[in-house]
Amino acid sequence: MTTEIYLDGNATTAVLPAAIAAAADAMGQRYGNPSSSHGTGLKAKAVLDQARACALRLLGVGDGRLMFNSGATEGIQTAVLSALAALRERRERGEAIGSLLVYGATEHKAVPESLAHWNRLLGLNLTLHKLPVDHDGAHDLAQLRALAPQAALVCTMAANNETGIITDLAAISALLTDTGSAAYWLVDCVQALGKLDLNLAATRIDYAPFSGHKLYAPKGVGMLYVRAGAPFTPLIMGGGQEGGQRSGTENMAGIAALGAVLAALEQGGTFRSHHELASFRARLADSLRAALPGVVFNHPFDKSLPTTLNFSVPGLTSRELMDVFDAAHVRVSSGSACSAAKAAPSYVLDAMQAPLWRSAGAIRMSFGPLADEATIADACRRIERCGAALRASCLIPSERTAVPHDGLLQLGVEGACSWMVLDAASRSCIVIDPLPDMTGRIESYVRCQNYQVQAIVSTLPGADRAQLAAALGRHFDIHAATDDYGWPASADDGIRIGAQTLASVADGAARHYLLGAVGLAPQSMRFAFCAQPALDVLRPLTCAQTLLCPTRDEHNQFCLGMAEPAAASAQAELPLQLDSAALDAFLQAHPDARLIDVREPYEFAAAIAPGPAGRSARSVPLSRLAEHASGWLQDASVPLVFFCRSGNRSLKAAQCLRRLGHRQAYSLGGGLALAPMALAA
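As the structure is a computational prediction, the values presented were derived from the model and not from experiment.

Cut-off values and rules
- Residues numbered from 1 in each chain as written.
- Predicted model: local features only at pLDDT ≥ 70, side-chain atom pairs only at ≥ 80, totals over all residues.
- Heavy atoms only, no water.
- Helix = DSSP H or I, 4+ residues; strand = E, 2+ residues; numbered from the N terminus.
- Buried < 20%, exposed > 50% of the residue type's maximum accessible area, 1.4 Å probe, protein only.
- Contact = heavy atoms within 4.5 Å.
- Areas by Shrake-Rupley, 256 points an atom, 1.4 Å probe, with all protein chains shown as cover.
- Lys, Arg positive; Asp, Glu negative; His and termini not counted.
- Charge placed at Lys NZ, Arg CZ, Asp CG, Glu CD.
- Disulfide = S-S within 2.5 Å.
- Pairing = 2+ DSSP bridges.
- Salt bridge = Lys/Arg side-chain N within 4 Å of Asp/Glu carboxyl O.
- Axes fitted to C-alpha atoms, helices over the stretch in contact; angles between N-to-C directions.
- Parallel < 35°, antiparallel > 145°, perpendicular 65-115°, else oblique.
- Left-handed = near helix turned anticlockwise from the far one by under 90°.
- Nonpolar A, V, L, I, M, F, W, Y, C, P; charged D, E, K, R; others polar.
- Phe/Tyr/Trp six-rings, centres within 6.5 Å; stacked < 30°, edge-to-face > 60°.
- Core = buried A, V, L, I, M, F, W, Y, C linked by side-chain atoms within 4.5 Å.
- pLDDT = per-residue confidence, 0-100.

It is worth spelling out the overall build of the protein chain at this point. When you go through the protein chain residue by residue, the secondary structure sums to 22 helices and 27 strands. Principal-axis analysis of the C-alpha atoms places the extent of the protein chain at approximately 90 × 60 × 45 Å. Within the protein chain, the fraction of its 681 residues that count as buried is 56%. Sequence-distant contacts in the protein chain: of pairs separated by 6 or more residues, those separated by 24 or more amount to 66%. Per element, the accessible surface of the protein chain, about 27800 Å² overall, is 53% carbon and sulfur. Across the protein chain, the 56 positively charged side chains and the 61 negatively charged ones have centroids separated by 4 Å.

Here it is as structure tokens:
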């Protein structure tokens, strides 16, 4: 069984065994309602009181309030509502209040969203002001000093969730005091618990929310600190639980579990010291530097939590990095988990004025204070494996020339795609419709495999080929005579590439390109490249088996068939997706079935486990699907089972083959992520 290396601790953590035991005890033995006065209720109340007392001591609450809730988002809502309700009451009494709601540019989205929400609902109409940060993520204190007299509420965080940057809370406190600011102060302490020393009552902080699941407690439990004398308005009214501060029967299982974590933190001996955690981070950073040439760390280590690494690699997207790490069972994230599903650049790094390639390609690698030596050592080994996989796939520089590939390669960006026709024997290739965004990728691929580019051609006139031509250097004869489409003047009979020939077909202002055996007989045509399928022009020159390879692919179809598509009724006869249980039975019933891993080559190379059900699989990434589909259609009776990490890419592959007429194409539903460990590993 393959061990998972979990390095996404800033998103959430596993639950401490002692916390699991405490939760089970609260549900099994101390299940009473802590508001009940009988013996069973008193047992539950004792757990509640013990957890609260421990939190009061650890956080230095003093005379302030501390209530249990569902987590930091609720805590932020409660704090913002409390501050803004008090501001409205003061204004209604004729008192002067500030006009600005100031929040740090790198705050978690829960803060500005809450400010905007309650500002609108309460009718305050105050101005939300984003406080800039510098290149190191530190708040612009000079601007804050200028804003402080007009600020009604200031929101900062103790430590950033993406970069781990630690806020200089002492400097902000002194600034607010020096300027005589009457602003309330909310500090998001989610990432601080267990990592920074906190003595809240000794500070000027008015509100401090916490989430238990960031420090080995379950999800759905947290705390909110409110300074003595700070205004407070309950977010939830009802039965008056939590001293009337937060109604609703307490989440006793969650509170008991959080109490166990807090007790372990108070007693010491369970969690690693700051020095040990910093040494772990240094080892991970060294491994990243060795494995990923040019890696840039997006935060200064001496100003950030020792449990966080945020980095970018030139030429690689965050999606590519996440995928290769995930294939090696190393769990990392791009930015914060709340926005990881989005492709947008990191707003945190944008606020720090990082270049776009860094904010769009950033990866966060974070671990909790329970990390151990063995886990870090294994993570370093797998980072090295990921680097080797990326080098072998020509995605990062390598001193070795990669093994060349034959066939077709599709490179897509936002619905457009380029095609490369590759011949390993002659180490030559042809590029069709190069995309400007793919220039670096194509150049790297050509250089890494030491290809000579015979031609750079376009399907439409006026295309910009000069950028790629200049980037290729010695790998392309930039002085060769061509027409407006890049077609060589000397290629009247087509461009010979290995055992195949690429021919050009005029169609008004457009060009189509046909790839087939020498002689270019219609029955030998395997592929036709075109901006828009022109079946009336192409059909006489091709055969039913020819695949259309469009240079526009908005719907991820990859390729189209010249032949009529299979009838919908026939396609509906067989299921398209197989779950893990169905796959096992399917493979036993079809021993000739082929397992196809459609993850990218670097993911396949980084993977540390065989295919599903312990069977070997063939690597055919989506970028090479058209090439292999041509062969699979020759024997459509052999079942094909595609799989990937999540099931999204494999579903597209299966749909493509079904559309082309291969009725025995299937996808592993949910991918390897949902497969049982015994199946996936």
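Right, picking up where we left off after that structure.
Turning our attention to the state of the cysteines. Taken as a whole and judged by the stated rule, the model has one disulfide. A disulfide bridge connects Cys 394 with Cys 448, and the sulfur atoms are separated by 2.3 Å. The disulfide joining Cys 394 to Cys 448 has a torsion of about -70 degrees about its S-S bond and is therefore left-handed. With Cys 394 in the loop between helix H12 (373-392) and strand S13 (407-413) and Cys 448 in helix H13 (residues 439-449), the pair connects residues that are 54 residues apart, well separated along the chain. The closest cysteine sulfur to the non-disulfide-bonded Cys 380 is located on Cys 386, 12 Å from its own sulfur. In this structure Cys 559 is a free cysteine whose sulfur lies 3.9 Å from that of Cys 656, the closest cysteine sulfur available. Assessed through its relative accessible area of 0%, Cys 559 is described here as buried.

Across the five residues of strand S10 (residues 308-312), five count as buried, placing the element largely inside the fold. Alternating residues of S10 divide into Thr 308, Asn 310 and Ser 312 and Leu 309 and Phe 311, and every residue in both groups is buried. Sheet analysis places strand S9 (residues 296-297) next to S10, joined by two bridges and oriented antiparallel. Counted as the bridge partner of Phe 297 is Phe 311 from S10. Alignment of S10 against strand S12 (residues 363-366), held across four bridges, turns out to be antiparallel. The residue of S12 that forms the bridge with Thr 308 is Ser 366.

Counted under the stated rule, the structure contains 26 salt bridges. Arg 289 is the salt-bridge partner of Asp 286, the closest N and O atoms lying 2.9 Å from each other. Of this pair, Asp 286 and Arg 289 are both found in helix H8 (residues 274-291), three residues apart, which corresponds to roughly one turn of the helix. Residue class for Asp 286 comes out partly exposed when judged on its relative accessible area of 48%. Of the charged contacts in the structure, one is a salt bridge between Asp 597 and Arg 599, with a shortest N-O distance of 2.8 Å. Its relative accessible area of 1% is what places Asp 597 among the buried residues. Judged by relative accessible area, Arg 599 falls into the buried class, the value being 7%.

Right, let's get into the packing of helix H3 (residues 72-92) against helix H4 (residues 110-121). Packing of H3 against H4 brings their axes to within 9 Å, and their N-to-C directions diverge by 40 degrees. For the element pair H3 / H4, the angle class is oblique. When you trace H3 past H4, the crossing you get is right-handed. On H4, the residues that touch Ile 76, Gln 77, Val 80, Leu 81 and Leu 84 of H3 are Ala 110, Val 111, Ser 114, Leu 115, His 117, Trp 118 and Asn 119. A class-by-class count of the residues in the contact of H3 with H4 yields eight nonpolar, four polar and no charged.

The subject of this paragraph is the sheet that holds strand S23 (residues 577-578). Here we have five strands laid out as an open sheet, ordered S23-S27-S26-S24-S25, and parallel in their pairing. Looking at strand neighbours, the two that pair on one side only are S23 and strand S25 (618-619), the edges of this open sheet. Across the sheet, helix H19 (residues 625-632) touches strand S24 (594-597), S25 and strand S26 (640-643), and the angle it forms with S26 is around 165 degrees. Packing of helix H20 (residues 648-660) onto the sheet brings it into contact with S23, S26 and strand S27 (665-668), and relative to S27 it is tilted by some 170 degrees.

Enumeration over the complete set of coordinates arrives at 10 aromatic pairs. When the centroid spacing of 6.4 Å and the interplanar angle of 80 degrees are considered together, the rings of Phe 311 and Phe 325 count as edge-to-face. Here Phe 311 is found in strand S10, whereas its partner Phe 325 is found in helix H9 (residues 318-327), with 14 residues between them in sequence. Judged by relative accessible area, which is 0%, Phe 311 ranks as buried. Owing to a relative accessible area of 1%, Phe 325 belongs among the buried residues under this scheme. Clustering of aromatic rings is evident, with ring pairs tying together Phe 297, Phe 301, Phe 311 and Phe 325.

Right, let's talk about H19 for a bit. Within H19, seven of the eight residues are buried, leaving the element largely enclosed by the surrounding structure. Among all positions in H19, only Leu 625, Ala 626, Glu 627, His 628, Ala 629, Ser 630 and Trp 632 are buried.

This paragraph deals with the nonpolar core. Membership of the largest hydrophobic core comes to 55 residues, with the highest contact counts inside it found for Leu 59, Val 154, Trp 185, Phe 210, Met 223 and Val 261. In terms of residue count, the dominant contributor to this core is helix H7 (residues 252-267) (10 residues). Filtering out sequence-adjacent residues up to four positions away, Phe 210 remains in contact with Leu 59, Gly 71, Ala 72, Cys 189, Val 190, Leu 193, Leu 198, Leu 200, Gly 222 and Met 223. One finds Tyr 485, Ile 497, Tyr 513 and Leu 625 within the second-largest nonpolar core, a separate group that totals 39 residues.

In this section: the confidence of the model for the protein chain. Where the model shows low pLDDT, its predicted coordinates should not be examined in detail. Scored by pLDDT, the protein chain has a mean of 91; 94% of the residues are at 70 or more. Predicted confidence for residues 565-571 stays below pLDDT 50, and this span has seven contacts to residues more than four positions away or in other chains. Every residue in residues 677-681 is under pLDDT 50, and counting partners more than four places away or in other chains gives 15 contacts.

Taken in spatial order, the six strands of this open sheet run S17-S18-S19-S20-S21-S22, and their pairing is mixed. Looking at the sheet topology across the chains shown, the edges are occupied by strand S17 (495-497) and strand S22 (560-561). The strands touched by H19 are strand S20 (525-530) and strand S21 (547-550); relative to S20, the strand with the most contacts, the crossing angle is about 145 degrees.

Two quantities define a packed helix pair, namely the angle between the helix axes and the distance between the axes. Their axes nearest at 9 Å, the elements H9 and H12 cross at an angle of 125 degrees. Of the possible angle classes, the one that applies to H9 and H12 is oblique. Judged by the twist between their axes, the crossing of H9 over H12 is right-handed. Here Leu 321, Val 324 and Phe 325 of H9 come into contact with H12, specifically with Ile 383, Cys 386, Ala 389 and Leu 390. Broken down by class, the residue content of the contact of H9 with H12 amounts to seven nonpolar, no polar and no charged.

Looking at where Leu 547 falls in the secondary structure, it is placed in strand S21. We classify Leu 547 as buried; its relative accessible area is 2%. Separated by 237 residues in sequence, Leu 547 and Asn 310 place their C-alpha atoms 43 Å apart. Here Leu 547 is in contact with Arg 526, Phe 527, Ala 528, Cys 559, Leu 560, Gly 561, Ala 626, Ala 629, Ser 630, Leu 633 and Leu 660, once residues within four sequence places are set aside.

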